[in-house]
Structure formats: C-alpha cells, structure tokens
Amino acid sequence: MLFDKIVGLFSSDIAMDLGTANIIISVKDRGIVINEPAVIAVSQDKYGQKKVLAVGSAAKEMMGKTHKDIYAIQPIQGGVIADFEMTEIMIKYFVAKVHRRKSFLKPRIVICVPFGVTQVERNAVKDSATNAGAREVILVEEPMAAAIGSGIPVSDPEGYIIVDIGAGTTEVAVTALGGLVLCRATRAAGDKFDEAIIQYVKQNHKLLIGKRAAERIKIAIGSAIQLDEELTMKVNGRENSGLLSTIELSTESIRLAIKEPLREIINIIKNVLEIMPPDLAADAVDNGIILTGGGSLIRGLDTYISECVKLPVELSDEPLLAVAKGTSCVINDDKLLKLIFNE
Ligand code: ADP
Ligand code: MG
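Now for a description of the structure that goes with this document. (Residues numbered from 1 in each chain as written. Chains lettered and ligands numbered in written order. Predicted model: local features only at pLDDT ≥ 70, side-chain atom pairs only at ≥ 80, totals over all residues. Heavy atoms only, no water.)

## Here we look at unusual backbone geometry
Excluding glycine, a negative phi dihedral is what most residues carry, and trans is how most peptide bonds are arranged.
Right, on to step 1. Positive phi is not limited to glycine here, since Lys206 has a value of about 50°.
Right, on to step 2. A relative accessible area of 47% places Lys206 in the partly exposed class. (Buried < 20%, exposed > 50% of the residue type's maximum accessible area, 1.4 Å probe, protein only.)

Written out as structure tokens, the structure reads:
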C-alpha cells in the first residue's frame, strides 16, 4: 500500500472520455488538457501500408473531403469501437501528447466506456490503453461519470436520473448509492439528428448535403420546441441533376426533421421511468432529470423532455464536458474511485 502511495505521488494519472465524437483528456492536478474530435486520417499506399496523417481537429477537417488513397474516420461509432487498430493509434497519439516524458512512471488511465459495452470491447479498450503506455487501466461507466461531472451526489441513497445524449448513443441511467441501478441506451443521438437532417433535405428539397453540413445546420438553427423567433440558414448542396444550388432552411423544418430521433429518446426515458423501483421513482419526482452530452444542447430540448415526461429537467452546467469532468474527479479522489469501481 505504501508503494501505491509513493507511485501515486510521482505518476500523472490520466482521465479519458473516449466519445464517439470527441475525446477529452484530463491529467491529475492539471485539469482538461485535450478536447478534440475523435477522428483519425490515414493514407494507404498500393501495398496496403497505412500511415497516420492527422488526428483530432486536423483530421476532422479532412472528413468528407478525402480521396481514394486517404480516408478520415471516427474509429468509435455508435458508442462502440468500430476499428480497434485506429482506436489504439488515436489513444496512443493523445496519451503521448499529454504524458510528461520526463516522468519515469507510466500513468494510470481511467477511461469511460458506455454502459452496454461487452467484455470483449472492455478488454479491447484496456489493451489499447495498456499498449499506449498505461501502468493500470480502470474503466468507468459513462453515465456514472456524467452524473459525477454534473455534481450529483452519487453516493447518496437518493435516486437520480441522468440522460447523456452523445453523438453515437443516448444513455438513460438511474444512480443511487454509488452505483447504476439501471441503464438503457439507444442509437438516437447527435449523429442520428444529423442523418435525419440529411434525409429531410433530400426528400423535401431534392438536395444532397454532407454530414458536416448537417451538423452545422443542427447547431446553428436546430430546436426541439417552437421558438418565438424562427432562425433560418442558407445551405449549399447538390441537386439530383448534379447542379449546385442554395436553399434556405428554418428552425421549424429542422424540428420536423429530427422528430423521430427525439421521439425515440422520449420513449427510452419513459421506459426507464416505468421500470424504475418505486422508491427511486419517488425521488425522481423531486430531483428531476439531468441532461448531459453535446446532443442535449439542441435548443429547448430540456423544455421538450420536461413537457413529454412531466418531470423537471435540468441541463448540466457544461454538457459537453460532464463525462470528462466526472472522470477527472475519479482520478483525483481515491475514495470515489473505490466507491464506483466494479470490475
Ligand atoms: P460523444 O460523447 O458521443 O463523443 P458529445 O457529448 O461530445 O458526444 O457530443 C457530441 C454531439 O453533440 C455531436 O453529435 C454534436 O453534433 C452535438 N453537438 C455539439 N454541440 C451542439 C449544439 N450546440 N447543439 C446541438 N448539438 C450539438
Ligand atoms: Mg460522451
């Protein structure tokens, strides 16, 4: 134990929110040091030899604009690792960037994983982090980190409902006594909103737009409720004929476009409310629902959910950072780590 304590003094532990869209890393006592898109761009020669061209923001710039010899991918899709090799390269790249080289000790890395990942996926994440130079890898359930990062007193006997709307998944969880009482997930999340916008524009305006454009539209004018003042935006795309043209989209049209994924999110919240143990459900009436994740930043989503499920809904302080902040609390607080650790 004394050895552990001495090791703890010298190593700079790392906390990682390995999301579908964003990877956020904090280092013990230094706070958040990396916040970049979880994207990697690779070139491949005619022998199949791969070379990493860019990781993070620079790689995201290349998405949708690559040619046959270069591709930019998100190695984590729908909350699960879709490409193990690329995920490992990405983790290695960021760990090397933040780990002080002069530190002779390997870091301990705490990584968040979605609630539903399989043992095979857990092992893959662990192996990637170990290969990236971790002395020890600790996995933390994402909804738990989101709850801690939103300031929920997770060790209380009180029940709290947390809804984390990321890019690939929406997770709805109930926490109490330092554990997750239950959790349900759906793929209806940020990426699905983007896809729904692409489909809507195609069907109603006969215009093809890319994923990045759809995301920009969602962020600029997207809303889950009717706004007092409609927002509009000009959008460039390609018609079926191949000609390029420009249309104007309004908040109202985006609201129609994302209706289905929104409905799916409501369904899964209702499902959790139905199967919650009654005593915890009683707590939820007082505590309401806490929203985290970038997807929760759609205008009026808190109001919309509150109206649909008849409970108070509160947006976490910095929804995009909640999981990362929670994971970082874990590396800074051994007692908390012991409480939520459940391998
Ligand atoms: P993940 O944990 O899956 O990486 P994040 O919690 O980082 O996801 O959220 C990323 C998602 O949030 C993306 O789908 C992105 O488009 C969306 N997003 C980010 N900012 C906004 C915003 N202001 N309005 C709506 N969606 C947003
Ligand atoms: Mg996330």
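## Regarding the site of ligand 1
Right, on to step 1. Not every one of the 18 residues close to ligand 1 is listed here, only the nearest: Ala21, Asn22, Ala167, Glu215 and Lys218.
Right, on to step 2. Between an oxygen atom of ligand 1 and a side-chain N or O atom of Asn22, the distance comes to 2.8 Å.
Right, on to step 3. In isolation ligand 1 offers 580 Å² of accessible surface; the protein chains occlude 88% of this area.
Right, on to step 4. Contributions of two or more residues to the shell around ligand 1 are made by α6 (190–205) and α7 (211–221).
Right, on to step 5. Top element by residues in the shell around ligand 1 is α7. It accounts for 3 residues.
Right, on to step 6. For the shell around ligand 1, a count of residues per class yields 6 nonpolar, 9 polar and 3 charged.
Right, on to step 7. Formed jointly, the shell around ligand 1 draws a minimum of three residues from each of two domains, domain 1 (2–36 + 80–144 + 323–340) and domain 3 (152–316). (Near = heavy atom within 4 Å. Polar contact = N/O pair within 3.5 Å; in protein donor to acceptor, adjacent residues only side chain to side chain. Areas by Shrake-Rupley, 256 points an atom, 1.4 Å probe, with all protein chains shown as cover. Helix = DSSP H or I, 4+ residues; strand = E, 2+ residues; numbered from the N terminus. Nonpolar A, V, L, I, M, F, W, Y, C, P; charged D, E, K, R; others polar. Domains from an automatic or database assignment.)

## Overview of the pattern of salt bridges
Right, on to step 1. The final tally for this structure, using the stated rule, is 12 salt bridges.
Right, on to step 2. The closest approach of N and O atoms between Arg122 and Glu141, which form a salt bridge, is 3.5 Å. Taken together, the residues span a long stretch of sequence, with Arg122 in helix α4 (residues 119–131) and Glu141 in strand β10 (residues 136–141) at a distance of 19 residues.
Right, on to step 3. Of the charged contacts, one joins Lys234 and Glu248 as a salt bridge, the two residues approaching to 3.4 Å between their closest N and O atoms. Highlighted residues: Lys234 in strand β15 (residues 232–239) and Glu248 in strand β16 (residues 244–250), separated in sequence by 14 residues.
Right, on to step 4. Taking the relative accessible area as the measure of exposure, Lys234 reaches 62% and is therefore exposed.
Right, on to step 5. Overall, Glu248 belongs to the partly exposed group, its relative accessible area being 47%.
Right, on to step 6. By sharing partners, the salt bridges in this structure join Asp13, Arg108 and Asp334 into a single network. (Salt bridge = Lys/Arg side-chain N within 4 Å of Asp/Glu carboxyl O.)

## Let's talk about the packing of aromatic side chains
Right, on to step 1. Applying the stated criterion across every chain yields a total of 1 aromatic pair.
Right, on to step 2. Here Tyr93 and Phe94 contribute two aromatic rings whose centre-to-centre distance is 5.2 Å and whose plane-to-plane angle is 80°, an arrangement assigned as edge-to-face.
Right, on to step 3. Relative accessible area serves as the criterion here: at 34%, Tyr93 is assigned to the partly exposed category.
Right, on to step 4. For Phe94, a relative accessible area of 0% gives the class buried. (Phe/Tyr/Trp six-rings, centres within 6.5 Å; stacked < 30°, edge-to-face > 60°.)

## Observations concerning the sheet that holds strand β2 (residues 22–27)
Right, on to step 1. Read from one edge of the open sheet, 5 strands run β3-β2-β1-β9-β10, paired in mixed fashion. On the outer flanks of this sheet lie β3 (31–37) and β10, each paired with one strand and no other. On average, each strand axis in the sheet is tilted by 20° relative to the strand beside it, whichever way the strands run.
Right, on to step 2. Pairing between strand β1 (residues 14–18) and β2: 5 bridges, direction antiparallel. The residue of β2 that forms the bridge with Met16 is Ile25. (Pairing = 2+ DSSP bridges. Axes fitted to C-alpha atoms, helices over the stretch in contact; angles between N-to-C directions.)

## Brief notes about the environment of His99
Right, on to step 1. Mapped onto the secondary structure, His99 falls in the loop between α3 (84–98) and β9 (108–113).
Right, on to step 2. Judged by its relative accessible area of 17%, His99 is buried.
Right, on to step 3. Taking C-alpha positions, His99 is 7.5 Å from Ser12, a pair spaced 87 residues apart along the chain.
Right, on to step 4. Residues contacting His99, with those up to four places away along its chain left out, are Ser12, Leu105 and Pro107. (Contact = heavy atoms within 4.5 Å.)

## Some remarks on the side chain of Asp17
Right, on to step 1. Structurally, Asp17 is set in strand β1.
Right, on to step 2. For Asp17, the residues in contact, after removing those within four places along its chain, are Asn22, Ile23, Ile24, Cys112, Glu142, Val323 and Ala324.

## Considering the nonpolar core
Nonpolar side chains in soluble globular proteins tend to end up buried together.
Right, on to step 1. Of all hydrophobic cores here, the largest spans 45 residues; its most connected members are Ile197, Ile209, Ile289 and Ile305.
Right, on to step 2. Counting residues per element, this core draws most heavily on helix α9 (residues 259–275), at 6 residues.
Right, on to step 3. Excluding its chain neighbours within four sequence positions, the residues that come into contact with Ile305 are Ile266, Ile269, Ile289, Leu291, Lys310 and Val313.
Right, on to step 4. Core analysis: the next-biggest nonpolar cluster, separate from the first, contains 29 residues, Ile14, Met86, Ile111 and Ala132 among them. (Core = buried A, V, L, I, M, F, W, Y, C linked by side-chain atoms within 4.5 Å.)

## A look at the packing of α9 against helix α11 (residues 301–309)
What describes two packed helices is the angle between their axes and the distance between those same axes.
Right, on to step 1. Relative to each other, α9 and α11 sit at 50°, their axes nearing to 10 Å. With respect to α11, the element α9 is oriented oblique. Classified by chirality, the crossing of α11 by α9 is right-handed. Counted together, Leu262, Arg263, Ile266, Ile269, Lys270 and Leu273 of α9 and Leu301, Tyr304, Ile305, Cys308 and Val309 of α11 form the full contact between these two elements.
Right, on to step 2. Along the lines of polarity and charge, the residues of the contact of α9 with α11 split into 9 nonpolar, no polar and 2 charged. (Parallel < 35°, antiparallel > 145°, perpendicular 65-115°, else oblique. Left-handed = near helix turned anticlockwise from the far one by under 90°.)

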